[in-house]
Amino acid sequence: MSNPRKRSLRSQVYKSQSSSPHYIEDDQTSSSPSRDSDLSSPSEPIQTRAKSRIKKMSNQDFSSEVSLELSQSNSEKSEMDHAINPRGRLLKLASSPGPTSPKRARHGNAESHNTSPVSDVALAVSSLERSELCMDSLFEAVKTSRTAMVVVVDDWIDRYKTERKLGLLELINFIIHCCGCKGVVTPELFKDLQNAQIINQLTKEFKKDSSCYPLSMSTPEWKKFGANMSEFLSILVQRCQNSILYDDGLMDSVIPFLTGLSDSQIRAFRHTGTLAAMKLETALVRVIVNLNSQFETNKRQYETERKKGMKNRASDKLEALECKHNELLQKQEDVKDMINSLFKGVFVHRYRDSIPAIRALCMLEIGVWMKLDSDGFLTDGHLKYLGWCLNDKQGNVRLTCLKSLQGLYANKQFIPKLELFTSRFKDRILYMVLDKESDVAVEALHLLLLIQQNAEDVLIDEECCRLCTLVFAAHRALATAAGQFLYQMLQLQYKRDDGSRPLIILLVSFFMQNKMHDHATYLVDSLWDCAATVLKDWEGMSTLLLANTKDDEEEGLSDEEESGLIEILVCCLRQAAEVHPPAGRSSGRKFLSAKEKKMQQQDRIRLTEHFITVLPQLLSKFSADVDKVQNLLRVPHYFNLKVYSANRKEKHLEVLITQVSNIMTKHTDPEVLEACASVFSILIKEEYTFASRVEVSLSQMIEELSERFFQDQEDLLQGGIDENDLYNVATTLKRLSALYNAKDLTHLDMFEQCYNLLSKSLKTGDAPDEIMLPALSCSFLHILWELYNVSNSTPNKEQLILLKRHVRLLCVICQECLTFFVADIREQAFIIICDLLVYFNSNIVENGQDHLKPLVYQPSVALRAELAGFVVDYVFMDKETEDIEDAEERDSCGQLEKIDHLHKRRHLLASYCKLILYNVLDLSAATDVLKYFVKFHADYGDIIKKLMSRAQEIGRIQYAKTICLSLQQLFSELSMDLEVQDITSMQEFNDIKELAQHLARTFGIHLIRVREQVFTLHREGLNFALRDPNPKGPQYPPLNIAFLEIMSEFSSKMLKQDKKMLLKYLDKVIGLQQTSSPSLTIYRKTLLVEKDKRSHHSTSVAARKRRKTQAETSNPAEDVTQLQRSNLTDNEPVPLHVSTLSRPAHQNKARSVLETSDTDSLKDFVNSQPLRRPKQKKQPKPETPKSNSLKTPKKASQSPPSNLTSPELLENLFPSSMTQTLSSELQLLNLMGEDDYSEAESSDLQNMESSEDSNQLFLPSTKYKKTRSLLDLFDSMDGD
């Protein structure tokens, strides 16, 4: 044991810090969190003592911490003796760090020095070279981890005991090497310089780019380096805790050096030094815990021995225990000094470092210290650091804090020490369940779960209820954590001896109280992982449902509770049968494991065996309730129907068929009827042996319904029918319409009867809506079954003619219904027309279906106009254009009705967009949709974005024309309605500019790929702007010149060389008219390149005169010819939208823009930047061949697409006088190659979220081909 006086002096060394200034990060400062009065900083005396020790030890160097009394000759002799160690540890570790014997002699002087074959080489190695060799071998051993870390540590301990100076240098150089620095601390530096001076010297030798260092690299070679380094330091302290840990050199040198590294301005030094210091402190905390345990044991032994009588007391043993007591007490003081030095010198500064990884490291380690040594670290003075970092701006740091707190709250013994912290930071933790980082929110909820389990009365009922409602969250991990919290809350309210029945009742009560009646499937999915045994207790749920109601017996359920329990029951069956989360939640796995598949099969068989007998009873009891029956009719979809045949339970099947048939005859609700038809559809599949039996029962029902309908239909057409008969016809037609979805009923030939009813109803208006809606549905389904039959067989000519006639008749009827006064009939007629046009489009003849060519049906011009007008009138309608009746209905309905009304309008818009995507309507028909992109972005933004994305795949040039046409229509409407001279000052004009700005961003950032599109867009815009001359005279600007200001929003999508060409042409054309306009000036400025902008402002008056003279002397006829050649003189009028409503004149004004809240989400579009052309040396102009085509460069495979350099394109875009110049520009682009533009084009469409695969819809660029239905984009839009 060393001298206590020396130890008291050495304890001051532990608290020393580097003399370098405190550092946070390069050019960055971090503010410490605001202190709380309850959790204040350390007391003033402690700070004063620490500062005095730091000041006292700031000038101490390494030479005062190690012994350097050895002479040079003795040092070299000792080094050579160690180099020729017979065990060859040094040379083995340097060459190939293989496994060696763990048995080591602790004193090198006791070993014999035998000779070896490498003795001569070892004798020639100098002290510095051998130090570097040891350092490299130690670093490689830790990096590769091929040798057991205990062996590596023991080898270093042997070298340190043999010669402390070289061993300490080896350890310090190892830490420096771990930082990624190749510098070496020599014995001279180690002796003459201080900590700060050595680190500054290493900083100068370190690379300027220190962002790549071992701890920051994630390659397989360095992935485990941080863990290996931490393991090495931990084992080093563990193996030294009884020997050299308390000597005069090891910790007195390492701790100040690590403190200096952690304060370095080099990130690699600071990160590595902090990691080493934190892991070293963690190992020291384990040592102090072990010392405390030994101290308590020794104290008990001493007290036991001292209490013995004088005769039985052993004086020698008592003296030995007393010496052991003093030794342990001295070791405790030394280790505590080391821990305090590391905490105050490293942690206190680095927990607020600007690097998130360093802050997270500090929070992770302090959590470990608190769990290991709760008496020393689980205090308010240390807990405050975790509380402050809960507000860190980086999610990883917040996540680490929560995980550290979870380890503390999991131990009930720590709860009393956490009371102040809990009361101070509980609100912050509750708020973190809504964190933007989903992982942080999940861990915050797990922490609150532990608090609720172990800390009583911390969370009040209101806070618990808010946490439980997170079971309906879209993020599945968060919802699952909330499900665990809810399940724990429910368990506290009932006794487990009562079974799961009370828990089921409590779950139903929670579901009903939250009024989330449409989200039971999300509740079940959240509880499935933690409460699967309760949710699979279908016997208990069935018993509750079959019991008497609450009015008759207190233990029963009320009517609302029965509805909630049935909905939960059906969702549990779905979860067990399908084993996948509901829509909107993703489990992260695409496939089920073998165990999960086996469990799925077992659950499906078990639920089938149970509900085969129970389901008919439930249907019989609740047959009069629409909602309950509708949910119960979903249960057969989750059956394993083969159980009926395998277990000989056909009699139960007959009971089920009887109950479903009775329900169908009792109810008239369309949803219930469709549910009954869906049950029949799965039971009549040919794969089941009982399908024929179900087919007979279904056929009898259909025959009865058809006979009744034919009889009542004749009476209805003749006019001799009362209201009761009308009701019977309507109900019969509804049931037949529902059965049409399950079975082919074309043999009944109901189309003619339905058509007659619809035709008479439109003429006279006598038939009620309840008859027209199912009649339309039956007619449509009849046509679809006919199309299915002719597509899967070889039809004759008569069948094709009959089907074509039915299609035309139904389209005519539906077209007339578009102007009907009943909204439901209008909407259903619109959807039927859209579906028919998609089904009977030209793609019907592909894939060998040439015999169906006569069935192709193309919409007429009038029908196209009707469809476009319907969309404008009933989809893009606001308060100004909405009918009075619709407005009153909208104001009177509740929030759910408004949402349902919005879904209907989205359905209508999606049906119209399908016509464009399936090439039924031209792409120009999308103008009626694109015009409202900004105004109705909140309601239809996702649909319109998908339309624009697919439209570019159909035809890029046509898409550019469509954008320009939509802007022209809005501009023309504004000019016609306002009739003012300066329309640029109007708000409506600014709205059009905003729309143009957002449409321009759909072209993406790869300008070379959209070059032809932008050419076409500007060409169409110039054509429109210069088309109509001013009637006041040629000296006045054209009427549509203000449209150029709108076109300026697309100038940023042009390449620099194209801007120059367009600017030259614009100046020449505008020079003929000698006009000036602010809009023209704005448009010209957007076409000016940076160099041209500077020269534009310094243009002299003489230059402007020369330009004017050239314009006056130019030949007008030649310029007009060039204008005609560039297709800029098209005088076609701009088509306006066709409306099916006759609006008053004052309602035809331009509509207002979207509100601020709706446009906030559109502000984050990426600003596109034009591609820069690299500088090239001047080359001789290539000769143009006779074929008038551009010369192809040698690297043809790397050139842009050929359509960008075709002569026809150049003639259409610019006059012939500029074709040669543009050709040279395009050749320069060809020489650049396609490598710079090889990235895939990306569209800057914000919030474009789509879950479907890109291969699900393939649309070519010019010609439409048969595609799959857009089920992912327009879900439930296709006809059944």
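Criteria and thresholds
- Residues numbered from 1 in each chain as written.
- Predicted model: local features only at pLDDT ≥ 70, side-chain atom pairs only at ≥ 80, totals over all residues.
- Heavy atoms only, no water.
- Helix = DSSP H or I, 4+ residues; strand = E, 2+ residues; numbered from the N terminus.
- Buried < 20%, exposed > 50% of the residue type's maximum accessible area, 1.4 Å probe, protein only.
- Contact = heavy atoms within 4.5 Å.
- Areas by Shrake-Rupley, 256 points an atom, 1.4 Å probe, with all protein chains shown as cover.
- Phe/Tyr/Trp six-rings, centres within 6.5 Å; stacked < 30°, edge-to-face > 60°.
- Salt bridge = Lys/Arg side-chain N within 4 Å of Asp/Glu carboxyl O.
- Disulfide = S-S within 2.5 Å.
- Axes fitted to C-alpha atoms, helices over the stretch in contact; angles between N-to-C directions.
- Parallel < 35°, antiparallel > 145°, perpendicular 65-115°, else oblique.
- Left-handed = near helix turned anticlockwise from the far one by under 90°.
- Nonpolar A, V, L, I, M, F, W, Y, C, P; charged D, E, K, R; others polar.
- Core = buried A, V, L, I, M, F, W, Y, C linked by side-chain atoms within 4.5 Å.
- Polar contact = N/O pair within 3.5 Å; in protein donor to acceptor, adjacent residues only side chain to side chain.
- pLDDT = per-residue confidence, 0-100.
- Expected span 1.5 Å × (residues − 1).

## Here we look at the overall build of the chain
The helix and strand tally for the chain stands at 55 helices and zero strands. Expressed as a percentage of its 1280 residues, the buried residues of the chain come to 50%. Within the chain, contacts between residues separated by at least 24 positions form 77% of all contacts whose residues are at least 6 apart in sequence. Accessible area of the chain: about 62700 Å², with a carbon and sulfur share of 49%.

## Digging into the packing of aromatic side chains
What the rule picks out here adds up to 37 aromatic pairs. Ring plane angle 5° and centroid distance 5.3 Å describe the contact between tyrosine 688 and phenylalanine 690, whose orientation is recorded as stacked. In terms of burial, tyrosine 688 and phenylalanine 690 fall into one category: buried. With a centroid separation of 6.5 Å and 10° between ring planes, the pair formed by phenylalanine 751 and tyrosine 755 is classed as stacked. In this pair, phenylalanine 751 and tyrosine 755 are both assigned in helix 35 (residues 751-764), four residues apart and thus about one turn of the helix distant. Members of the aromatic cluster, each reached through a chain of ring pairs, are Phe343, Phe347, Tyr351, Trp369, Phe377, Tyr385 and Trp388.

## Observations regarding the environment of serine 438
As for its position among the elements, serine 438 is in helix 20 (residues 438-454). Taking the C-alpha atoms as reference points, serine 438 and alanine 477, separated by 39 residues in sequence, lie 8.2 Å from one another.

## What about the pattern of salt bridges?
Any two side chains of opposite charge can pair, so long as their charged atoms come close to each other. Considering all chains together, one arrives at 39 salt bridges under this definition. Among the salt bridges present, the one from aspartate 1058 reaches arginine 1011, with a minimum N-O distance of 2.5 Å. Of the two residues, aspartate 1058 is situated in helix 48 (residues 1056-1073) and arginine 1011 in helix 46 (residues 1011-1025); the sequence distance between them amounts to 47 residues. Across the pair aspartate 1028 and arginine 1027 runs a salt bridge whose closest N-O atoms are separated by 3.3 Å.

## Focus on the state of the cysteines
Considering all chains together, one arrives at zero disulfides under this definition. Not part of a disulfide, cysteine 572 finds its nearest cysteine sulfur in cysteine 571, a span of 7.1 Å.

## Remarks on the packing of helix 39 (residues 861-874) against helix 41 (residues 895-917)
Where helix 39 meets helix 41, the axes come as close as 11 Å, and the angle between the chain directions of the two elements is 155°. As far as their axial angle goes, helix 41 and helix 39 are roughly antiparallel. Handedness of the crossing formed by helix 39 with helix 41: left-handed. Contact residues: helix 39 offers Leu867, Ala868, Phe870, Val871 and Tyr874, while helix 41 offers Arg905, Leu908, Leu909, Tyr912 and Leu915. Looking at the contact of helix 39 with helix 41, its residues break down into nine nonpolar, no polar and one charged.

## Some points on the nonpolar core
With 334 residues, the main nonpolar core has Phe232, Phe611 and Tyr912 as its most contacted residues. Ranked by the residues each element gives to this core, the list is headed by helix 13 (residues 267-306), at 14 residues. Contact partners of phenylalanine 232, with chain neighbours within four places excluded, come to Leu138, Val142, Met149, Val152, Val153, Leu171 and Phe174.

## Here's the deal with the packing of helix 24 (residues 520-527) against helix 27 (residues 559-578)
Relative to each other, helix 24 and helix 27 sit at 55°, their axes nearing to 9 Å. Put simply, helix 24 runs oblique to helix 27. Between helix 24 and helix 27 lies a crossing whose hand is right-handed. Listed contacts from helix 27 to Ala520, Thr521, Leu523, Val524 and Asp525 of helix 24 are Glu567, Ile568, Cys571, Cys572, Arg574 and Gln575. Counted by class, the contact of helix 24 with helix 27 contains six nonpolar, two polar and three charged residues.

## A look at unusual backbone geometry
It is generally the case that most residues other than glycine have a negative phi and that most peptide bonds are trans. Backbone geometry at aspartate 457 places phi at a positive 55°, although glycine is not the residue there. By secondary structure assignment, the location of aspartate 457 is in the loop between helix 20 and helix 21 (461-468). Positive phi, close to 55°, is recorded for aspartate 749, a residue that is not glycine. Residue placement: aspartate 749 occurs in the loop between helix 34 (723-740) and helix 35. For aspartate 749, a relative accessible area of 39% gives the class partly exposed.

## Brief notes about the side chain of aspartate 525
Relative to the elements of secondary structure, aspartate 525 occurs in helix 24. Assessed through its relative accessible area of 0%, aspartate 525 is described here as buried. With residues up to four places along the chain from it excluded, the contact list for aspartate 525 reads Arg476, Gln575, Pro581, Pro582 and Arg585.

## Some points on the side chain of lysine 628
Mapped onto the elements of the fold, lysine 628 is located in helix 29 (residues 626-632). There is a polar contact of 3.0 Å between the side chain of lysine 628 and the side chain of glutamate 562. Apart from the residues within four sequence positions on either side, lysine 628 is in contact with Asp559, Glu562, Ser563, Ile566 and Phe622.

## Thoughts on the environment of isoleucine 831
Of note, isoleucine 831 is situated in helix 38 (residues 823-839). Isoleucine 831 gets classed as buried once you look at its relative accessible area, which sits at 17%. The sequence separation of isoleucine 831 and leucine 909 amounts to 78 residues, and the corresponding C-alpha distance is 9.6 Å. With residues up to four places along the chain from it excluded, the contact list for isoleucine 831 reads His907, Leu908 and Ser911.

## Some points on the confidence of the model for the chain
Looking at the chain, the pLDDT average stands at 75 and 70% of residues meet or exceed 70. In this model residues 1-128 is a low-confidence stretch, pLDDT under 50, and it forms 193 contacts with partners more than four residues away in sequence or in other chains. pLDDT under 50 marks residues 1094-1280. Its contacts with residues more than four places away, or in other chains, come to 306 contacts.

## Focus on helix 39
Along its 14 residues, helix 39 runs 20 Å from first to last C-alpha, staying within 8% of the 20 Å computed at 1.5 Å per residue. The complete set of buried residues in helix 39 reads Leu863, Leu867, Ala868, Gly869, Phe870, Val871, Val872, Asp873 and Tyr874. Among the structural elements, helix 37 (797-817), helix 38, helix 41 and helix 42 (927-930) are those in contact with the buried residues of helix 39.

## Considerations on the environment of isoleucine 983
Inspection of the secondary structure puts isoleucine 983 in the loop between helix 44 (956-978) and helix 45 (987-1000). Between the alpha carbons of isoleucine 983 and phenylalanine 971 there is a distance of 9.5 Å; along the sequence they are twelve residues apart. Not counting the four nearest positions on each side in its chain, isoleucine 983 is found in contact with Phe971, Ser975, Phe989 and Ala1042.

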